[in-house]
Amino acid sequence: MTSMEKLSWALSLLLVWNGLFWVYGGKEATWAHPSKVNNSQRRSSRTSENKPGRCSYTFIVPQQKLTGAVCVTMEAARMNHSELGALKELVEKQQEQLNIVRGRVEQEAMLATDMRLLRRDSVNMNARISQLYAQLLNEMIQKKEQALEQRRLEDLVLNATSQLLQVSSSYRELEKKYETLSSLMNNQSHLITHLEKQCLLKNPSKAMQASQETLSLPVQQSSIMGNIKPESKEVPSNVQRDQSEPQEENPQELLEVFGGSPTETPFISYPITKSPGPWHDCNHVLESGEKTNGIYLLRPRNTNHLLQAWCDQSTAEGGWTVIQRRQDGSVNFFRNWDQYKQGFGNLDGEYWLGLEHLYWLTSHATYKLRVAMEDWQGRQVYAEFDSFRVEPESDWYRLRLGSYQGNAGDSLSWHNNKAFTTLDKDKDAYTGNCAHYQKGGWWYHMCAHSNLNGVWYRGGHYRSRYQDGVYWAEFHGGSYSLKKVVMMIKPS
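By the naming in an unreviewed UniProt entry, the protein chain goes by Fibrinogen C-terminal domain-containing protein and is assigned to Danionella cerebrum. Turning to the protein chain, the UniProt annotation filed under Subcellular location (unreviewed entry) states: "Secreted".

Below is the structure:
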């Protein structure tokens, strides 16, 4: 039996006892087990017999499953009240302790839950830290590689900058040399003009005769070419110098050249032909039975304009009048307007026939143009246009081209309907002067897809501040200078 059951049983007995005590006025009572009733009666009868005048009471209670007798006295009741209060206090204390324990258990359960969450977060955090550490290592490696690549690029930039500075200094030196040469050429031109005037003043009759007999030739035959001595015919060729090796002319030698006596020996000898000419063009020469390549005297149709030109009778069935040729860089093509107008160079080498001669040739017949090119590996290509002519000087010798055919690619039609431009006459569509950048004279646009009168560079690919080589953009591009170029026309 638990303590609570014992306590409840004691309280019930206590209540019964108090009720009996209040009814019977505090008379003594004796409680006995039913099994012992007979013995009690006997004792009471004996007692009554022995002690008359006293009452005795016998209470019979239901049989309880108790071990031993239960005796209730006042002292026990008073003791039970105190014990009950103590028990109540103990129960309250235990209840408080139980509440405290419950609160602690709940706190510990919450702490355990928090610990589990923290452990899970810790595991996740460790995984995240490992991932971040791997990413950091990867980024550090990449940054190290990028730093190495950056240092390598910086070294390349420094090397390129140093090379650029060297090229710039070389270019400035070349510009100074070019300015010196230009001033020298201008001085020589003024000197030649002055000497020609002096010659005309000294021999006015001979000058009149020379003006009637003089042919309209390229630059190697001037208006007083008849006064050149046979032994001095190499002197004018100094004007046709290589771009890389400028030569100076002695004014005293020029005086000797232009002050000599007349001679009948021509500057360039003609090939032996069946007919002395002149012919309309090289196709007319071919039709006359002359099949030899060489220099012929020409007079365009319906004109009295005479000129000399090289006739190519072996290319594409012959009959081609060569109007321009580049082959060895022996002639400087960076010339002014007057020189491109009259022509310059050596007819048996590099030369430009002259814009005025082109106008006279193409204005009285329909011609086609053929441009033959050869690179430094020996590959030969051509571009052909079914019509070609130039307008008069009043329209700046504007180019008129027809349809293209060939295997070189079309790098000239872009220049169609464009005026001719030189260093001293800027007629292109560019804000600057294309002739200055391209170092030649051409029908520039903005600026060029072809530059056949540019600087002749040896070896093909060249390095220059501008694209100023002898190039045909559709054949190797603008940074490749061709080895040989021939421009020639023929009646279509």
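Back to the text.
Participant: Describe the overall build of the protein chain, and please don't skip the residues or the numbers.
Facilitator: Assigned secondary structure in the protein chain consists of 9 helices and 14 strands. Per-residue burial for the protein chain yields a buried fraction of 32% across its 492 residues. Considering only contacts within the protein chain whose residues lie at least 6 apart along the sequence, 58% involve residues at least 24 apart.

Participant: Break down helix α8 (residues 355–362) for me, with residues and values.
Facilitator: Burial analysis of α8 places 6 of its 8 residues in the buried class, the great majority of the element. Where α8 is concerned, the buried positions are Leu355, Glu356, His357, Leu358, Leu361 and Thr362.

Participant: Can you lay out the side chain of Thr422 for me, pointing to particular residues and giving the numbers?
Facilitator: Take Thr422: it is sitting in the loop between β11 (404–406) and α9 (434–438). On the basis of relative accessible area, Thr422 is assigned to the buried category, the value being 0%. Within the structure, Thr422 has its side chain in polar contact with the side chain of Asp424 (distance 2.7 Å). Ignoring sequence-local partners within four residues, the contact set of Thr422 consists of Arg335, Asn336, Trp337, Tyr340, Asn433, Ala435 and Gly441.

Participant: Any chance you could break down the pattern of salt bridges for me, citing the residues and the numbers?
Facilitator: Pairs can form between side chains of opposite charge whenever their charged atoms are close. Within the structure shown, the criterion is met by 10 salt bridges. Asp281 serves as the salt-bridge partner of Arg301, at 3.4 Å between the closest nitrogen and oxygen. Of this pair, Arg301 sits in the loop between β3 (294–298) and β4 (307–312) while Asp281 sits in the loop between α5 (251–258) and α6 (282–287), placing them 20 residues apart in sequence. Judged by its relative accessible area of 28%, Arg301 is partly exposed.

Participant: So what about the state of the cysteines? Which residues, and what values?
Facilitator: Counted under the stated rule, the structure contains 2 disulfides. Two residues share a disulfide in this structure: Cys282 and Cys311, whose sulfurs sit 1.9 Å from each other. Between Cys282 and Cys311, the disulfide has an S-S torsion of -75° and is therefore left-handed. Pair noted here: Cys282 is in helix α6 and Cys311 is in strand β4, with a separation of 29 residues, a long-range link. Taken individually, Cys282 and Cys311 each receive the classification buried, so the pair is uniform in this respect. Here Cys434 is linked by a disulfide to Cys447, with a sulfur-sulfur distance of 2.0 Å.

Participant: Kindly report on the environment of His449, identifying the contributing residues and their values.
Facilitator: If you trace the backbone, His449 turns up in the loop between α9 and β12 (450–451). Linking His449 and Ser413, residues 36 residues apart in sequence, is a C-alpha distance of 9.0 Å. In contact with His449, not counting residues within four places along its chain, are Ser411, Trp414, His415, Tyr471, Trp472 and Ala473.

Participant: Let's hear about a nonpolar patch on the surface: which residues, and what values?
Facilitator: Taken together, the side chains of Tyr133, Leu136, Leu137 and Met140 define a hydrophobic patch exposed on the protein surface, amounting to about 410 Å² of accessible area. On the secondary structure map, Leu137 appears in helix α3 (residues 74–202). Exposure remark for Leu137: the relative accessible area of 37% places this residue in the partly exposed category.

Participant: Give a detailed account of the pairing of strand β8 (residues 367–374), specifying residues and quantitative values.
Facilitator: In terms of burial, β8 is largely enclosed, as 6 of its 8 residues are buried. Sheet topology places β8 next to strand β9 (residues 380–390); 7 bridges connect them, and they run antiparallel. When the bridges of β9 are listed, Glu374 appears paired with Gln380. Hairpin remark: β8 followed by β9, antiparallel, with 5 residues in the connecting loop; positive phi at Gly378, about 90°.

Conventions and cut-offs
- As a convention, each chain's residues are numbered from 1 in the sequence order in which they are written.
- This being a predicted model, a pLDDT of at least 70 is required before a residue's local features are given, and a value of 80 or more before pairs of side-chain atoms are given or counted; all residues contribute to the totals for chains, interfaces and linings.
- For the side-chain quantities, the full set of heavy atoms in the structure was used; hydrogens and water were omitted.
- UniProt positions are given in the numbering used here, feature names are shortened, and annotations may be inferred rather than shown by experiment.
- A run of H or I in DSSP becomes a helix once it reaches four residues, and a run of E becomes a strand once it reaches two; helices and strands are each numbered from the N terminus.
- The cut-offs for exposure are 20% and 50% of the maximum accessible area for each residue type, with area from a 1.4 Å probe on protein chains only; residues under the lower value are buried, those over the upper are exposed, and the others partly exposed.
- Here, residues are in contact when the closest pair of their heavy atoms is within 4.5 Å.
- As used in this structure description, the phrase polar contact means that two N or O atoms lie within 3.5 Å; if the pair is within protein, one of them must be able to donate a hydrogen and the other to accept it, and residues adjacent in sequence are counted only when both atoms belong to side chains.
- The working definition used for a salt bridge is a side-chain nitrogen of Lys or Arg within 4 Å of a carboxyl oxygen of Asp or Glu.
- For this text, the term disulfide refers to a pair of cysteine sulfurs within 2.5 Å.
- Each patch is built from residues that are more than 30% exposed by relative accessible area and take part in no salt bridge. Like charges join if they lie within 9 Å; nonpolar side chains (Val, Leu, Ile, Met, Phe, Trp, Tyr) join within 5 Å.
- Only the protein chains shown count as cover for residues, and the accessible areas themselves come from Shrake-Rupley with a 1.4 Å probe.
- A pair of strands is considered paired only if DSSP assigns at least 2 bridges between the two.

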